[in-house]
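Observations on the model geometry
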Amino acid sequence: MWLNKGFIIFATTLFYHFSIVYGCHETERAALLSFKSLLTDPSNRLSSWQGGNCCNWKGIKCSSSGRVVVVNLRNPNPIEVMININNELVSNSNNTSDFSLKGTISPLLFTLNHMQHLDLSFNNFVYSKLPVEISNLTKLTYLNLSNAMFQDSITTQFTNLTSLSYGHLSSLNLRWLEGLRRLRYLVLTGVDLSKASESFFGLNQSQAFQISHMSSNVLTSSIPDLLSNLTTLSVLDFSGNDLDGHIPYLPRLEELSVSSNPSMTINLVSMFSAPWSKLTFLDISFVRVGGTIPHSLTNSTSLSIFRADGCSIQGSIPSSVTKLKKLSVLMLNNNDITGQLPVSMSSLISLQYLSLFQNRLQGHIPISICQIPFLVYLNLEWNDLTGRLPLCILQLPQLSSLYIQRNRLNGNMPLSLFRMSKLDEISLGTSGLSVEIDDQHQPFVQKFQPKILEFTSCNMRGEIPDFFLNFTSLVVLNLANNSLSGAIPHWLFNLPSLSILALPMNNFKGIIPPMIQLKSSLFPTIVNLARNKLRGPIPTQLENVNVIDLSLNNFVGTIPTRIGEVPGIRSISLSGNKIHGPIPESLCQPTTNVLQVIDLSNNSLSGTIQRNLGNCKSLIYLNLGQNKLTGSIRKELEPVTSLRYLDLNGNQFEGSFPRVIENFQDLEILNLAGNRFEGRIPNFIGELHNLRILVLAANTFNELIPEGLMKLENLQYIGLANNNLSGPIPDNLDGLKMMTKRQNEATILGYVYSLKFTGAQLEIVTKGQTHWLESVYSYNTGFDVSSNSLTGKIPEKIGLLSGLPLLNLSHNNLFGLIPKTIGEMISLESLDLSYNHFTGEIPVTLALLDFLQHLNLSYNNLSGKIPKNPHFDTLYQDGTTYIGNKYLCGAPDGMNCSYNGPSNNETIENTYDQENLLFVVVIFLGYVTGVSGFFLLLYLLKDNWRNRYWRAVDRIVSKIVK
């Protein structure tokens, strides 16, 4: 009996053990399944959540007693986003699939009261609220709810989580932190804390923080001095906020980051007047510093990493910096540092990473750099360094990255010198150095395996060396703007690691292979062979190519139908070749299309715009100009709402103004010139508020210029020449804000997508000649409505356009006086008012335009004298600018005003007075003659006739009186 009872106890224990180890607790299993039931799982991450053994489910861990202690469902492939150069929120990830769980959160998840670790970060809980049951997790030590799309304020939900030591979450009210005495690590990255600043900085200062990360929030207050009371605080990260004020003295701090706080001002002299003996990491990048780097920086004797990018630091680098023997990273990029590099650089014995790009450093690169034994990375780009590059740098034993482009160095660098180095990344572009291919047949040295070779504008000549074939690790090869020649070796297009091949602006000839295969990497993959002398057909097979630019060559044939089917292709530029035929229908596939740039301009393409272009919903730049395309602009383009650049000039398109353009609210550049469009310019053009360049010239548009056009504040160029427009020039010119101020900054118009710049181009008529602008800058403003049928006067408000260098109103029917306010257009370089009906004098204010280089007032009805001014007198001394004004003194066919008489105004006024006097005298003499003759006639008549006359007069007078 006892044996049976013992067996039963043993069997029961064994069953219980197996029910735990192999089946977990049923209540916890049910809670997890309830949590799963409210979620969608597009990547099947929870596919293992079935059966009775929840301890073996993916993301779940159990204790030895079978209790769930870990739920880790962090998205393994989060879609990271970033702000690109165009101020757009874009994905910074290669992921094309969505791995995030989506749905609401089940309260039963928080019945797992043995849980110690919970991570739901980078999922999508569709702005749901946190269940109050989360307070049941009293054993929780790790909690990460970041980037999980919760929408809630945290007040008391976490007050019971007294075991929590790691928190990564969001909240506005941080008073709940006061009860978490064990909390040592707090991360509040990416949270709007603009309303929580006071509550955080008012916490009990006995809180035993060791590490506080509060980066990428919206903190707007000052960093309080009370933080100095946190005696255990060793790491403080307030980067990416909007804090102001100063940094309090925290003598025990080891790591400090306040980068990207644009409202904060740091006085380095004051900050380092006291020693920060424990500080090893300091990042003050993109904070206002100004001033110089003080010698007292050496008070931080433990400093290992110092980053101060974009701080407007001035002056030179003090030689005392070289006393920081533990300094391993020094980054002072994008400042205003001048002077020379300290000659004692060799004293930085621990330095591994030195980056000083985009400053104003001068002088030679000191040879002492060659004595920094552990230097791995050296970046001196975008400075004014001169002299020769010390060749000993190439022999530094640890150096892997050398960036010195954009300097004013000199000397030759034989390519063979690099063969014995260990450099992985070499960038010498536009540095002033000449790279010489000295002997391409030398035996290859296997240890030289560069990943990046950037030799732009290095005066390279000859052919691509054969030993490049052995560069199996090469990722980036940029040999742009050299004098390389010969054929491009076919093997170059198939190097196993190559991701970027840039060979534009050389003299390469021959045919490229039909297949180009690149290697996917962190970079967008690029093939850029523009501006060479290549010929033959366009490659038909592209693999792993995101960007292809074959523009300005001699390629022939048609556009391959497969080019638009390449997975992940983002930019296609084939302009300036000899391509013919239609635009292939396969160019824009209806699924997975990410094309952003299509440039097929300056070819011989024919046919119509295919409706398939409407599938390119990511399209930013579309240039089909200078082809032989016909038909109308299809409404199928309506889905392409992201379009910013549309150029259809120089084709044979017809019909009315394309209505589909109204959908392109982001449009910045529109060029429809040189087609057969007709009818009125629609009013909706005034609703395209981002428009910067509008060219509708050489069509047959008629009726009035829309007044809404003059309300576009960003518009910098209006080209409406050679149409049939009528009516007056709109008077509300003050709405053209971009033209009312002189542009001091030379910002180039264009877009950077997938590491490739695609710029705007424009044809303008200025200074009497047609100019083609390959690059358009913000200062290229103009107003050209010439060769129309405009009438009326020039608006007085024309003077408000003081930032306008080009004004062309010629070949119209404008009349009246030339307004004096044109003299207020201080930026004018070219003024053409010819072939109109202007009258009166030339305003003397025109002579005050110092920048004026071209003036054409010919064929009007101007009069008076030409204004005198030393600069004005130099404009067309032959008088051709005034021809066709017969009343204008000094014009070739005008009046002779060679005598020294009164001024123009006085002459005209005197002439007017004389003419008036002569008119009065003539009238008076006529009156006297008429009256006296009449009375003489009465006197000669008989008395009875005189009596009859006066009686008749009396009767008339008496009637008038009555």
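Note that this is a predicted model, so its numbers are computed, not measured. (Residues numbered from 1 in each chain as written. Predicted model: local features only at pLDDT ≥ 70, side-chain atom pairs only at ≥ 80, totals over all residues. Heavy atoms only, no water.)

1. Regarding the overall build of the protein
Put simply, the test is: Helix and strand definitions here come from DSSP, where helices need a minimum of 4 consecutive H or I residues and strands a minimum of 2 consecutive E residues; each element is numbered from the N-terminal end. For each residue, the accessible area found with a 1.4 Å probe, counting protein chains only, is set against the maximum for its type, and the residue is called buried under 20%, exposed over 50%, and partly exposed in between. Note on contacts: a residue pair qualifies if any of its non-hydrogen atoms lie within 4.5 Å across the two residues. Computed with the Shrake-Rupley method and a 1.4 Å probe, the accessible areas treat only the protein chains shown as cover for residues.
Each helix and strand counted, the protein has six helices and 63 strands in total. Considering the protein as a whole, with its 962 residues, one finds that 50% of them fall into the buried category. Once local pairs closer than 6 in sequence are excluded, the contacts in the protein between residues at least 24 apart make up 53%. Working note: accessible area of the protein is about 44,400 Å², and carbon and sulfur atoms make up 53% of it.

2. Topic: the UniProt feature "domain: Leucine-rich repeat-containing N-terminal plant-type" (unreviewed entry) in the protein
Here is the rule: UniProt positions are given in the numbering used here, feature names are shortened, and annotations may be inferred rather than shown by experiment.
The feature "domain: Leucine-rich repeat-containing N-terminal plant-type" (unreviewed entry), as given by UniProt, occupies residues 26-63 in the numbering adopted here. Across residues 26-63 one finds 32% helix and 13% strand; the C-alpha atoms that close the span lie 15 Å apart.

3. What about the state of the cysteines?
Note the following rule: Note on terminology: disulfide denotes any pair of cysteine sulfur atoms within 2.5 Å.
Scanning the entire structure with this criterion turns up four disulfides. Between the sulfur of C24 and that of C54 lies a disulfide, 2.0 Å long from S to S. The sign of the S-S torsion, about 135 degrees, decides the handedness of the disulfide formed by C24 and C54: right-handed. One end of the pair, C24, is in the loop between α1 (2-21) and α2 (26-37); the other, C54, is in the loop between β1 (39-40) and β2 (60-62), and 30 residues separate them in sequence. Classification of C24 as buried rests on a relative accessible area of 6%. Bridging C588 to C616, the disulfide has an S-S length of 1.6 Å. Its torsion about the S-S bond being -100 degrees, the disulfide of C588 and C616 is classed as left-handed.

4. So, the packing of aromatic side chains
Keep this limit in mind: Pairing of aromatic rings covers Phe, Tyr and Trp, the last counted by its six-membered ring, and requires centre-to-centre distances within 6.5 Å; plane angles under 30 degrees mean stacked, over 60 mean edge-to-face, and any other angle means tilted. The rule is short: NZ of Lys or CZ of Arg within 6 Å of the ring centre and within 35 degrees of the ring normal puts a charge over the ring.
This model, assessed by the stated rule, comprises 15 aromatic pairs. Arranged with centres 5.7 Å apart and planes meeting at 35 degrees, the rings of Y377 and Y403 form a pair that is tilted. Separated by 26 residues along the polypeptide, Y377 in strand β18 (residues 377-379) and Y403 in strand β20 (residues 401-403) bring together distant segments of the chain. The same class applies to Y377 and to Y403, which are both buried. Connected via pairs of aromatic rings, a cluster forms that spans F448, F467, F468 and F471. The ring of F467 carries R419 above its face, with NZ or CZ at 3.9 Å from the centroid.

5. Some thoughts on the nonpolar core
Just so we agree on the cut-off: Only buried residues count toward a nonpolar core, which is a set of Ala, Val, Leu, Ile, Met, Phe, Trp, Tyr and Cys residues joined through side-chain atoms within 4.5 Å.
With 185 residues, the main nonpolar core has F455, I661 and F783 as its most contacted residues. In this structure, I661 is in contact with L646, L667, L670, L672, F684 and L688, ignoring residues within four places of it in sequence. Among the nonpolar cores identified, the runner-up in size contains 31 residues, and A31, W57, V68 and M115 belong to it.

6. Some thoughts on the confidence of the model for the protein
Under the convention used in this document: Residue-level confidence of the predictor, termed pLDDT, takes values from 0 up to 100.
With 77% of its residues at a pLDDT of at least 70, the protein reaches an overall mean of 81. Below a pLDDT of 50 lies the segment residues 190-198, which in the model reaches 29 contacts outside its immediate sequence neighbourhood of four places, other chains included. Here residues 956-962 is modelled with pLDDT under 50, and outside its nearest four sequence neighbours on either side it reaches zero contacts, counting other chains as well.

7. Observations regarding the pairing of strand β30 (residues 507-511)
Spelled out, the test is: When DSSP finds two or more bridges between two strands, those strands count as paired.
Here β30 shows a buried face lined by F508 and G510 and an unburied face lined by N507, K509 and I511. With three bridges connecting them, strand β28 (residues 483-487) and β30 associate as parallel partners. If you follow S485 over to β30, its bridge partner there is N507. With three bridges connecting them, β30 and strand β33 (residues 533-537) associate as parallel partners. Following the sheet pairing, I511 is matched in β33 by R535.

8. Details of the environment of K326
Along the chain, K326 turns up in the loop between β15 (305-307) and β16 (329-331). The exposure class assigned to K326 is partly exposed, which follows from its relative accessible area of 49%. Counting along the chain gives 21 residues from K326 to I305, while the straight-line C-alpha distance between them is 8.7 Å. If we ignore the near neighbours within four places in the chain, the residues touching K326 are T301, S302, L303, S304 and S350.

9. So, the environment of R406
One can find R406 in the loop between β20 and β21 (408-409). Expressed as a C-alpha distance, the spacing of R406 and D384, which sit 22 residues apart in the sequence, is 7.9 Å. Once residues lying within four places of it in the same chain are set aside, the contact partners of R406 are E381, W382, N383, G429, T430 and S431.

10. Section: the pattern of salt bridges
Rules: Definition used for salt bridges: Asp or Glu carboxyl oxygen within 4 Å of a side-chain nitrogen of Lys or Arg.
Applying the stated criterion across every chain, the model contains seven salt bridges. For D336, the salt bridge goes to R360, with nearest N and O atoms at 2.6 Å. With D336 in the loop between β16 and β17 (353-355) and R360 in the loop between β17 and β18, this pair connects stretches of sequence that are 24 residues apart. By relative accessible area, D336 is classed as partly exposed at 26%. Here R360 falls in the partly exposed class, since its relative accessible area comes to 41%.

11. Brief notes about α2
The condition that has to hold: Under the convention used throughout, the expected extent of a helix is 1.5 Å for every residue step, that is, one less than its residue count.
With 12 residues, α2 ought to run about 16 Å at 1.5 Å a step, and its terminal C-alpha atoms sit 16 Å apart, in line with that. Where α2 is concerned, the buried positions are E28, R29, A31, L32, S34 and F35.

12. A word on unusual backbone geometry
With phi around 60 degrees, M505 is a residue other than glycine that occupies positive phi space. Here M505 is to be found in the loop between β29 (500-502) and β30. On the accessibility criterion, M505 (36% relative accessible area) is partly exposed.

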